Amino acid sequence: MAEAFRHPAALLDFLGLSSAGPPAPAGDAGFRTLVTRSFAKRMRRGDPHDPLLLQVLPQAVESMPAAGFVSDPVGDMGSIQRPGVLHKYHGRVLLITTGACAIHCRYCFRRHFPYSDESARRDHWSAALDYIRATVSVSEVILSGGDPLLLTDQNLRNLVDRIAEIPHVRRLRIHTRVPVVLPNRVDTGLLSWLDRCRLQKIIVIHSNHAQEIDQEVADALARISSTGTRLLNQTVLLRGINDQVEVLGDLSERLFDIGVWPYYLHCLDRVQGAAHFDVPLEQARQFARALANCLPGYLVPKLVTEQAGAPSKIAVPPDYADSERTRAGQTGTEEFETTWGR
């Protein structure tokens, strides 16, 4: 992390793009640059349109207002039960374990989240654990952030050991981008802790493009899998980065090759500063339909969107429009967009 790029100019210079790269706004549009050197090495030198670079390089357009793009697009603030404890969906509780990430993705839906005020660590997890103990319907605890794998092994062990003592908790889920952007974090200490954890373990990684997955990443994920941890992937559909059927198909194939199941294909969460990444819903549906036509079902991630206040993520059926024309006399896309504000 000490070697990470923290200024757009340094990253562009590393890639030989000092004069050719896209302009970066002063002050990073209120969201500072952070890119691991490992991730930067997978970018194509001399290419200002590299799909990995565009995920992390600040753009002047981020400072422009866009209708419908807000600071809390998924309703995190309305679901806080204790500091850093988000309870949106039945049976699952999410803990904001840290505000730190190993990389700052420009489309991050929590880029405006008040981490300094909302962290479950503030009282050594006590309020969060008390809430979980008292909520017997909770069978799964999700560690999120920030990125929970930036906690030390000792902090992770202390937290999860206490979670594992709660009888009604059966599963531990960790959402992380670290194995993709900082694979050497997957060391013997982390693996030892994962191996001894009594809970069912799921790690959901985040990869948007097959170019992100080199041999070092594949090896890190294989080490995680050896601990009995199930591996899933979430992809965000991003304009100019992975909004092509071939790119999405290549990613699913690459993930399966290294033992990771394609899980979700997310429509963009409409966070302020990320409007330039948005892919229209009808186009997203077309991608999902095309993927289903060319890949085995187990390689097709579920297309979803998230709506503040909804009881779950909302699956977007590829053939929604066709079925709704006969049932409601209108296109399904129109009804979906009216209902969910998309």
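Residues numbered from 1 in each chain as written. Predicted model: local features only at pLDDT ≥ 70, side-chain atom pairs only at ≥ 80, totals over all residues. Heavy atoms only, no water.

> Could you give an account of a nonpolar patch on the surface, with specific residues and numbers?
On the surface, Phe-256, Trp-261 and Tyr-298 cluster together to form a nonpolar patch covering roughly 320 Å² of accessible area. Looking at the element boundaries, Trp-261 is found in strand 8 (residues 261-266). Residue Trp-261 is classed as partly exposed on the basis of its relative accessible area of 42%. (Patch = residues over 30% accessible without salt bridge, like charges linked within 9 Å, V, L, I, M, F, W, Y side chains within 5 Å. Areas by Shrake-Rupley, 256 points an atom, 1.4 Å probe, with all protein chains shown as cover. Salt bridge = Lys/Arg side-chain N within 4 Å of Asp/Glu carboxyl O. Helix = DSSP H or I, 4+ residues; strand = E, 2+ residues; numbered from the N terminus. Buried < 20%, exposed > 50% of the residue type's maximum accessible area, 1.4 Å probe, protein only.)

> Describe the pairing of strand 8, naming the residues involved and giving the relevant values.
On a regular strand, each side chain points to the face opposite its neighbour's, so the side chains alternate between the two faces of the sheet. Here five bridges tie strand 7 (residues 230-236) to strand 8, and the two strands are oriented parallel to one another. Looking at strand 8, one finds that Gln-234 is bridged to Tyr-264. Once the chain exits strand 7 it traverses helix 9 (residues 245-257) before rejoining the sheet at strand 8, and the crossover so formed is right-handed. As defined by bridge partners, strand 8 adjoins strand 9 (residues 302-305) across three bridges and the pair is classed as parallel. (Pairing = 2+ DSSP bridges. Right-handed = clockwise from strand over helix to strand, strands pointing away.)

> Talk me through the state of the cysteines; I want residue IDs and the actual numbers.
Counted according to the given criterion, the structure contains zero disulfides. In this structure Cys-267 is a free cysteine whose sulfur lies 17 Å from that of Cys-108, the closest cysteine sulfur available. Judged by its relative accessible area of 3%, Cys-267 falls in the buried class. (Disulfide = S-S within 2.5 Å.)

> Describe the sheet that holds strand 6 (residues 200-206), naming the residues involved and giving the relevant values.
The sheet built from 10 strands is open, its strands ordered 1-2-3-4-5-6-7-8-9-10 with mixed pairing. This sheet does not close on itself; its edge strands, each paired only once, are strand 1 (80-82) and strand 10 (314-315). Here helix 4 (residues 126-134) sits on the sheet and contacts strand 1, strand 2 (85-86), strand 3 (92-96) and strand 4 (140-144); the angle it forms with strand 3, its principal contact strand, is near 180°. (Contact = heavy atoms within 4.5 Å. Axes fitted to C-alpha atoms, helices over the stretch in contact; angles between N-to-C directions.)

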